[in-house]
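# Coordinates in review
The chain contents come next:
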Amino acid sequence: CRLMRCLPFNIDISQKMKAKKLNNLNLASAAWLIHVSTQLSCGSGTTTCIAATAFLTSTHCRPSLFSRTSFPIRHAAARYDQSHHYHRGLSSLYAIVANSTEDATTPSFSTQLPTPNHSNGDSNNNSDNCPNVVLVAGFESFNRDLYQKAAARLPEGVRMNLQVFADSDIRKLGASAGSDDVEATVNPKFAQAMRNADAFIGSLIFDYDDALAVQSLLHHVNGPRLIFESATELMTYNRVGTFSMDTGDGPSGPPPAVKAILSKFSSGKEEDKISGYLKMLKVGPDLLKYVPGEKAGDLRTWLEAYRYWNQGGIANASAMLQLLAQRVLPHGKEAERIPLPELEVTPDVGLLHPLVMERGSNRYFTSPKEYVEWRESKECNDLAEKQGFRLAPTATAPRVAVLLYRKHVITEQRYIADLIAQMESDGVFPVPVFINGVEAHTIVRDVLTSDHEIDCVAKGTVVRDTTYQPSKSTKVDAIVSTIGFPLVGGPAGSMEAGRNAAVAETLLRNMNVPYIIASPLLLQSIPQWKRSGVLGLQSVVLYSLPELDGAVDTVVLGGLVGDKIALVPERVRKLDQRIHGWINLSRTPPRERKISVMLYGFPPNVGAVGTAALLDVPNSLEKLLLRLRSEGYDIGDFASDRDACGESIVAALRVLNENAVITGGAKRMQDALEDHMERARNGDKTVAETLAKPGGGLGGGKVLAYDISNDDLDSALGKYMAKKVRRAWSEKERGPGVSGAGELVVAGIKIGNVWVTVQPLLGVEGDPMRLLFERDLTPHPQYCAAYEYMQRPESEGGIGSQAVIHLGMHGTVEWLPGQPLGNDRQSWSDELIGSLPNIYVYAANNPSESILAKRRGYGTLVSYNVPPYGRAGLYLELANLKDLVAEYRGAEVTDEASGKSSRTDLRDAIWGSCQRCEILNDVPLLATPGDISSAFAEPDLDSSISDETFDDWILHVADYLVELQDRLFSSGLHTLGSPPSDEDLAAYLNAYFGERLSPDELDNVIADWHQQSNSQDHGRNWLGRFTSWLSNFAAEFGTSAEEDTSKINTAEGDSICTEATDIVSLLSRNTEELDAVVTALDGGYVPPKPGGDLLRDGTSVLPTGKNMHALDPYRMPSAGAWIRGQLAAEEVIRQHQQSNDGKFPETTAVTLWGLDTIKTRGESIAIVLSLVGAKPVKEGTGRVVRFDLVSIEELGRPRIDVLASLSGIFRDSFANVVDLLDDMFERAASADEPDEMNFIKKHANELSADGVERPAARLFSNPPGDYGSMVNEVVGSGDWQNEDSLGETWKGRNVFAYGRNEGSGSGGTARPKVLDKLLATTERVVQEIDSVEYGLTDIQEYYANTGALKKAAENRKPVDGNSGERKKVALSVIEAFGGGSGDTAKVPVRDVEDVLRLEYRSKLLNPKWRDAMIAQGSGGAYEVSQRMTAMVGWAATTKVDNFVFSEAAERYALDEDVSRALQKSNPEAWKNTVRRLLEAAGRGMWETDEETLDKLRELYADADDMVERVASSFQKE
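Residues numbered from 1 in each chain as written. Predicted model: local features only at pLDDT ≥ 70, side-chain atom pairs only at ≥ 80, totals over all residues. Heavy atoms only, no water.

### Quick notes on the overall build of the protein
This is how the line gets drawn: Numbering of helices and strands starts at the N terminus; helices are DSSP runs of H or I of at least 4 residues and strands are runs of E of at least 2. Remark: exposure states derive from per-residue accessible area (1.4 Å probe, protein chains only) relative to the maximum for the residue type, with buried under 20%, exposed over 50%, and partly exposed in between. In short, Shrake-Rupley with a 1.4 Å probe defines the accessible areas, and a residue's cover is counted only from the protein chains shown.
Of regular secondary structure, the protein possesses 63 helices and 36 strands. When burial is assessed residue by residue, the protein has 60% of its 1517 residues classed as buried. Summing over all exposed atoms, the protein offers an accessible surface of approximately 58,800 Å²; the carbon and sulfur share of this is 49%.

So this is what it looks like as structure tokens:
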């Protein structure tokens, strides 16, 4: 009846049938009418009559029923008694259903339904007429035995030889994916089986290379091919008799008639279409019973087979095989008479429990409410007592919805019962709901609720969907999905990642409970996971896709053991512990919650305590505490103390982290802090001035510290992890944080129930080489003690924290040794975070490193905005030069009175100014255009230079000054939760729009936004807005055509203003950053958002305060990234040829980092492909699945060899890309091309001749599970001998080659000889910079990786006999921010020396940048300090101009006011600034006069002596 409502002609049968309670109106009848009426021009009376006749026949209805219907229906009723030739026109209907090309207007006069009886044509049958069937169980390889047993159950007379393969059996072990000869990669056993097959069945085959391998052999199978829910490349090969899914060039998907039916089986919502499809499958075969024709019968056979497969279980699998044997394979007459078993139907959705799970007779509950009522019943408790089953306490246990794969339930996978039993035993009340996988969102929407949702519904702030079913729903505290994939659509929803993320976000936001992913691995064995972590497609299923919905705390529960799914009980306990952690936090009243706030403090002794990238940590900490107070948390007297401030807390923590204070032990720390307060009051410059405030400005905060013995730590860690610590750290070398008495000191400042501490140092202070050669990298005892005691209950002598907030980017716990992805018991981040909810406040523009915090550190991310952007402008001599250039260009060429040029005198002035600014390296004056060797460098300008040459040079100088003054930088630091000021908003808009938004428009946008935001009553202002519009309309009425045209041309400007208003509105929602922290501390759901920055990604990354995620790694490079990457590669090659007499570089090193890859959508990957001469290949769903080589003829140049230097994050997060690149290099190395046109092959052949294994290895990184080159640690400590040693440090840390041909299950392989060869032939290095905030000079990683790589390559160059120096390796820098974004946009590629000068002039040496940092207090002082360290690093690995050091000394050390401000706010940072200048001079990087050096030495000695005196006096006390 429901279906018949869609009929377009006048008929009221449905209500009549309903009234008479006639039950024989079935779906088939309705479908007949729908098809005919919607597809065959149902306005025709004849057609409608035929349809009605068919309906009458199939329902056996009395004609009198239709006496009041339209004429065609009445006429059909009259005919019904006279004739049963109702099949007229039915073949036309069949043509639609089967998507046939038959003429739909020519009906068949067949009077009986056909019974298909297909022979197999020229099939490869056995001589005994027993057909061969090959079945591939892809994502369900655990069902291999089930299918074998199903074949053994076939009834006598039904025969087949069934061979079952898992996806891992398809290709040869170690076969290179993406081979041009696909069949050569196939497992010979599988290939032989396919060649002899009479039929093929494939299910859940997703891997592209597996799909291609299967596809290459399907032409051997002349019989039926049944392929279920697999890659689109395979689905088109479905065929049963005359039915085929190969649509040629037509549209994909179901035939139109099937689509018409599909629309009737869902709620009409986009997100429900897939679950509606599954409902249709139930009735599809029944509908087709009444459709005549051979194709309809074949389609019905396919659907019936699919239905048996979908319902699953051994009986249905056996029935599927029997159906295949009887309908479409050769068989005897006896087999035809054997009836097919009835379909064993399991509900699409249901609930279950081990107490009522008996093999073959499971009891399923129909709704969560029914299940919970049973679970709380006496029956359940009696069963548990009888079976010795431990139940979680119903009143207090966290109630958790657990989403399970229905397929696993049907096939009786043991792990499901084990999982539920373990959760019950651990005190968690599971509500286990099994689904097909695509209905997860309907469960959350329709039959689950939460305290938060109930409260919001009562308040009217949330309106439930009309599909909500209160009679079936239950309340839960968390949701755990064992399925992964997106919440909406499940496996099918992954085809367009994030398509329905907004729907999922709305549902989960309304629930406001933790959404956790926990599942065993279905594509990896447990040993493989333990060895290499979660790999490939499995990582996308469990991490990348669910994170788009805001999932947190992903836990790998186990994996495959053989073909069976097995749990690791310890991992289930980890899941349960984390559930308890979240729910206990949410159930504790805010006033009683105990929270830890952990700040960053590495490297030591340079003022790093209480700093974070782009974040003003002291002010952010202060705002956080005050917000917590407003939410009811206990923060002592901090809120009421006028002198209390975040700077004081950070200064106090800096004291607690001094070596002398730690040596004194925990008991003396309060005294030490008070001593520093007294010294501050007495004017001691080595102590932060803020501690001079009453009470030190701590708001009543006191030291809370512990002295922890070795035995106590062993007890906290447990035997296994304690043994690892003792093995790595002997009694003689315990690491940092140890008191004079040999105890581990854990300390912080307690402010009410909030404990603020500093994350322990990672490694050995002053000896970074210890970490370099320690393969295990086990954290030292005090590091472990800090985390263990933070969460140990107060009753057991610990701090008792219920959650930890890591404040700012970034800490180190997520970088500790362990699995690269998919924590196990041996992963240190897993051990130390334990069950603590981890709220990680992270910079929004770093979606790369934040992935580690989320995945390895169980971080619920809360993004914070980047600081406002500033433009560098021009200052001092640069400003003077600009004026001189402007005056020169505006002066008259010839003075009329004297007859002389009025610009002659300005030439010398400009030349002198350029020399003082030292910009002649950037804008050389060339005697011969294009010849750098003809550059003038004399102090006095050569009078022979023509006016034309000078004028042309002046244009270049002017352009350079414009570029310099327009350079962007981060102005200051961001304060968490603070909305931007008007000045900040203007800075953001100016940086984003540039000249597209005029100053007046900018001011108006901000003013209008203020007016809108201040309007409390929207309705009250409608009249004013209408009057304004009417006034504008009246003013414009009657304007001329020209004026009208000019107004039309303002549409673009209006669009820009609208976008600007949106940006202002979103930026003003920075307050949501603190909202999100509070929500997370309530155990709630923090909505997701992609990471990125405003300049590159626009409004998609705003507002901040979101659970940041990255992108789908299978969709890189994007289309835009591919275009820009090609342009960049072409420019790199062009510049190299220009500098090297037209020669191509044989090898180019390209850095592949996670951060720039995510933010640019894979531009650096595109650069590698373009250099090699390859292009990305996508499969049907848009995933990039292969990098194909283009022909040498198409490329038009040699293939350039590439040394790909992978960051640890790129290696772990983009393992699929690593595999594809590795395959590409292997194919390039063996391509049938001459060596002179293929440098990859040339170098591989040379390595092979030397007996080197895997000569095509090109992807190098750190040891598996390890991160960083350690060069920045070495530079930071000053413990290095010469510049060459830094290159060798990099090389020693990057000898591990990665890729599929290294064996995906074994991680990387050390290949130093291959790396040496590549370094020796490297002529150019390429580095992409993805954002304004992280330039070459802003962070240590650029010189520590790219600069050190350059130095390692130079170390292997021969020494030039004339100069006595090695040949320099060029470093090309691509600034991938700002600039054009169109297909033809110029991609800026510069030499590193040019970029360094631009950056130093626009930032470090710029008074505007300097003053902005000084205004930020201790955090700003540290930003200055670390840039001085980076400057030394760059000088060691490339070249830093002398003027940079000289002006830095003037700006920061020798300027008394600046020096005093830095020292007051952060004495350690100021001391490091002076130290780095002295180090640069001592190492010969900076040439300056002795007077300057004496002043610097004096400043440093004064600070050093003061610190030493204080330290020694304290130790004596």
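Let us keep going from here.
### Details of the packing of helix H26 (residues 617-630) against helix H44 (residues 1072-1081)
For clarity, the threshold we go by: Helix axes are fitted to C-alpha atoms over the stretch in contact, other axes to C-alpha atoms as well, and angles between N-to-C directions run from 0 to 180 degrees. Throughout, the term roughly parallel applies to angles under 35 degrees, roughly antiparallel to angles over 145, roughly perpendicular to angles from 65 to 115, and oblique to all others. What makes a crossing left-handed is the near helix being turned counterclockwise from the far one by less than a right angle; a clockwise turn instead makes it right-handed. Contact definition: two residues touch when any of their heavy atoms are within 4.5 Å.
As a packed pair, H26 and H44 sit with axes 11 Å apart at the nearest point and diverge in direction by 55°. Between H26 and H44, the angle falls in the class oblique. Viewed along their axes, H26 and H44 form a crossing whose handedness is right-handed. Together, Lys-623, Leu-624, Arg-627 and Leu-628 of H26 and Leu-1074, Asp-1075, Val-1077, Val-1078 and Leu-1081 of H44 make up the contact between the two elements.

### Details of the sheet that holds strand E36 (residues 1389-1391)
We count it as follows: At least two DSSP bridges between two strands are required for those strands to pair.
Pairing is mixed in the open sheet, where eight strands are placed in the order E33-E32-E31-E30-E27-E34-E35-E36. Of all strands in the sheet, those bounded by a partner on one side alone are strand E33 (1309-1310) and E36. Relative to strand E30 (residues 1201-1206), strand E27 (residues 1147-1152) is paired through six bridges, and the arrangement is parallel. Across the sheet, the residue bridging to Ala-1149 is Leu-1203, located in E30. Sheet contacts for helix H55 (residues 1312-1321): E27, E30, strand E31 (1259-1261), E33 and strand E34 (1322-1329); angle to E34, the most-contacted strand, approximately 90°. Sheet strands in contact with helix H56 (residues 1341-1355) are E27, E30, E34 and strand E35 (1370-1375), and its direction is about 170° off that of E34.

### Details of the sheet that holds strand E8 (residues 399-405)
The mixed open sheet is built from seven strands, whose spatial order is E7-E9-E8-E12-E13-E14-E15. On the outer flanks of this sheet lie strand E7 (350-351) and strand E15 (564-567), each paired with one strand and no other. Where E8 and strand E9 (residues 429-435) come together, seven bridges link them in parallel fashion. Counted as the bridge partner of Leu-404 is Phe-434 from E9. Running at roughly 145° to E9, helix H15 (residues 368-375) makes contact with E7, E8 and E9 of the sheet.

### Considering the pattern of salt bridges
Inclusion rule: Just to be clear on terms, a salt bridge is a Lys or Arg side-chain nitrogen sitting within 4 Å of an Asp or Glu carboxyl oxygen.
According to the stated counting rule, one finds 89 salt bridges in the structure shown. Its salt-bridge partner being Asp-145, residue Lys-564 comes within 3.8 Å of it at the nearest N-O pair. Of the two residues, Lys-564 is situated in strand E15 and Asp-145 in helix H6 (residues 144-152); the sequence distance between them amounts to 419 residues. According to the relative accessible area criterion, Lys-564 is partly exposed, its value standing at 40%. Taking the relative accessible area as the measure of exposure, Asp-145 reaches 33% and is therefore partly exposed. With a closest N to O distance of 2.6 Å, Lys-1242 and Glu-1146 form a salt bridge. Highlighted residues: Lys-1242 in helix H52 (residues 1239-1249) and Glu-1146 in the loop between helix H46 (1119-1139) and E27, separated in sequence by 96 residues. You can call Lys-1242 partly exposed: its relative accessible area is 22%. Here the residues in one salt-bridge network are Asp-922, Asp-1394, Arg-1397, Arg-1401 and Asp-1441, joined through shared partners.

### Examining the packing of aromatic side chains
The condition is simple: Between the rings of Phe, Tyr and Trp (Trp by its six-membered ring), a pair exists once the centres lie within 6.5 Å; its type follows the angle of the planes, with under 30 degrees stacked, over 60 edge-to-face, and the other angles tilted. Remark: a charge is flagged as sitting over a ring if the NZ atom of Lys or the CZ atom of Arg is within 6 Å of the ring centre and within 35 degrees of the ring normal.
All told, the structure shown has 25 aromatic pairs when counted by the stated rule. Ring centres of Phe-228 and Trp-309 lie 5.3 Å apart, and the angle between their planes is 35°; on these two criteria the pair is classed as tilted. You can see Phe-228 sitting in strand E4 (residues 225-228) and its partner Trp-309 sitting in helix H12 (residues 294-311), a full 81 residues away along the chain. Overall, the relative accessible area of 0% leaves Phe-228 in the buried class. An aromatic cluster is present here, built from Phe-228, Phe-243, Trp-302, Tyr-306 and Trp-309 joined pairwise through their rings. We note Arg-907 situated over the ring of Phe-950; from NZ or CZ to the ring centre the distance is 4.8 Å. Above the ring of Trp-1280, the side-chain terminus of Arg-1483 is found at 3.6 Å from the ring centroid.

### A short note on H56
Side chains that are three or four residues apart share a direction in an α-helix, a result of its 3.6 residues per turn. Which entries qualify depends on this criterion: The span one expects for a helix is its residue count, reduced by one, times 1.5 Å. Two axes enter the bend calculation: one fitted to the seven residues ending at the residue in question, the other to the seven starting there, and the bend is the angle between them.
Helix length check: H56 (15 residues) gives 20 Å between terminal C-alpha atoms against 21 Å at 1.5 Å per residue, within 8%. For H56, the principal kink sits at Ala-1348 and spans about 30°. Among the 15 residues in H56, 14 count as buried, and that is most of the element.

### Topic: the environment of Gln-1416
Looking at the secondary structure, you find Gln-1416 in the loop between helix H58 (1407-1414) and helix H59 (1418-1437). On the accessibility criterion, Gln-1416 (15% relative accessible area) is buried. Measuring from C-alpha to C-alpha, the distance between Gln-1416 and Pro-618 comes to 9.2 Å, with 798 residues separating the pair along the chain. The residues contacting Gln-1416, other than those within four sequence positions of it, are Asp-616, Glu-647, Gly-972 and Leu-973.

### Points about helix H48 (residues 1163-1172)
With respect to burial, H48 is a largely interior element, 10 of its 10 residues being buried. A positive phi of about 95° marks Gly-1173, the residue just after H48.

### Digging into the nonpolar core
Defined as follows: Nonpolar cores were defined as sets of buried Ala, Val, Leu, Ile, Met, Phe, Trp, Tyr and Cys residues, with membership established by side-chain atoms within 4.5 Å.
Trp-953, Leu-989, Leu-1221 and Trp-1434 are the most contacted members of the largest nonpolar core, which totals 243 residues. At nine residues, H59 tops the list of elements feeding residues into this core. Counting residues in each nonpolar core, the second largest holds 150 residues, with Tyr-147, Val-356, Ala-551 and Leu-704 among its members.

### Things to note about the pairing of E8
In summary, the side chains of a regular strand alternate between the two faces of the sheet. The element E8 is extensively covered by neighbouring structure, given that seven of its seven residues are classed as buried. Judged by which residues are buried, E8 turns out to be covered on both faces: Arg-399, Ala-401, Leu-403 and Tyr-405 on one side and Val-400, Val-402 and Leu-404 on the other are all buried. As paired elements, E8 and strand E12 (residues 478-481) share four bridges and run parallel to each other. Directly across from Ala-401, in E12, lies its bridge partner Ile-479.

### Considerations on the side chain of Lys-1357
Keep this limit in mind: Just so you know, the count uses Lys and Arg for positive and Asp and Glu for negative, and it drops His and the chain ends.
The topology assignment puts Lys-1357 in the loop between H56 and E35. For the buried Lys-1357, no salt bridge is present, and the opposite-charge side chain at shortest range is Glu-1323, 7.6 Å distant. Setting aside residues up to four positions removed in sequence, Lys-1357 forms contacts with Leu-1319, Ala-1320, Thr-1321, Thr-1322, Arg-1366, Lys-1367 and Val-1369.

### Points about the confidence of the model for the protein
Going by this rule: You can read pLDDT as the predictor saying how much it trusts each residue, on a scale of 0 to 100.
Summary statistics for the protein give a mean pLDDT of 83 and a share of 81% for residues scoring 70 or more. Note on residues 1-127: pLDDT under 50 across the span, and 201 contacts to partners over four residues away in sequence or across chains. For residues 250-255, every residue scores under 50 in pLDDT, and the model assigns this stretch seven contacts once sequence neighbours within four places are set aside.

### Some thoughts on the packing of helix H60 (residues 1442-1453) against helix H61 (residues 1456-1465)
Where we set the bar: The classification used treats Ala, Val, Leu, Ile, Met, Phe, Trp, Tyr, Cys and Pro as nonpolar, Asp, Glu, Lys and Arg as charged, and all other residues, Gly among them, as polar.
Direction vectors running N to C along H60 and H61 enclose 65°, while the axes themselves pass 6 Å from each other. Looking at the two axes, H60 sits roughly perpendicular to H61. On H61, the residues that touch Arg-1451, Tyr-1452 and Ala-1453 of H60 are Val-1458, Ser-1459 and Leu-1462. The residue inventory of the contact of H60 with H61, partitioned by class, reads four nonpolar, one polar and one charged.

### Examining the side chain of Arg-1410
To be explicit about the condition: Nitrogen and oxygen atoms within 3.5 Å of one another constitute a polar contact, given that in protein one can donate a hydrogen and the other can accept it, and given that sequence-neighbouring residues count only through two side-chain atoms.
You can see Arg-1410 is positioned in helix H58. Take Arg-1410: its relative accessible area is 11%, and that puts it in the buried class. Within polar-contact distance, the side chain of Arg-1410 engages the side chain of Asp-1411 at 3.1 Å. In terms of polar contacts, Arg-1410 uses its side chain to reach the backbone carbonyl oxygen of Arg-1451, at 3.5 Å. With sequence-adjacent residues up to four places away left out, Arg-1410 is seen in contact with Arg-1451, Tyr-1452, Asp-1455 and Val-1458.

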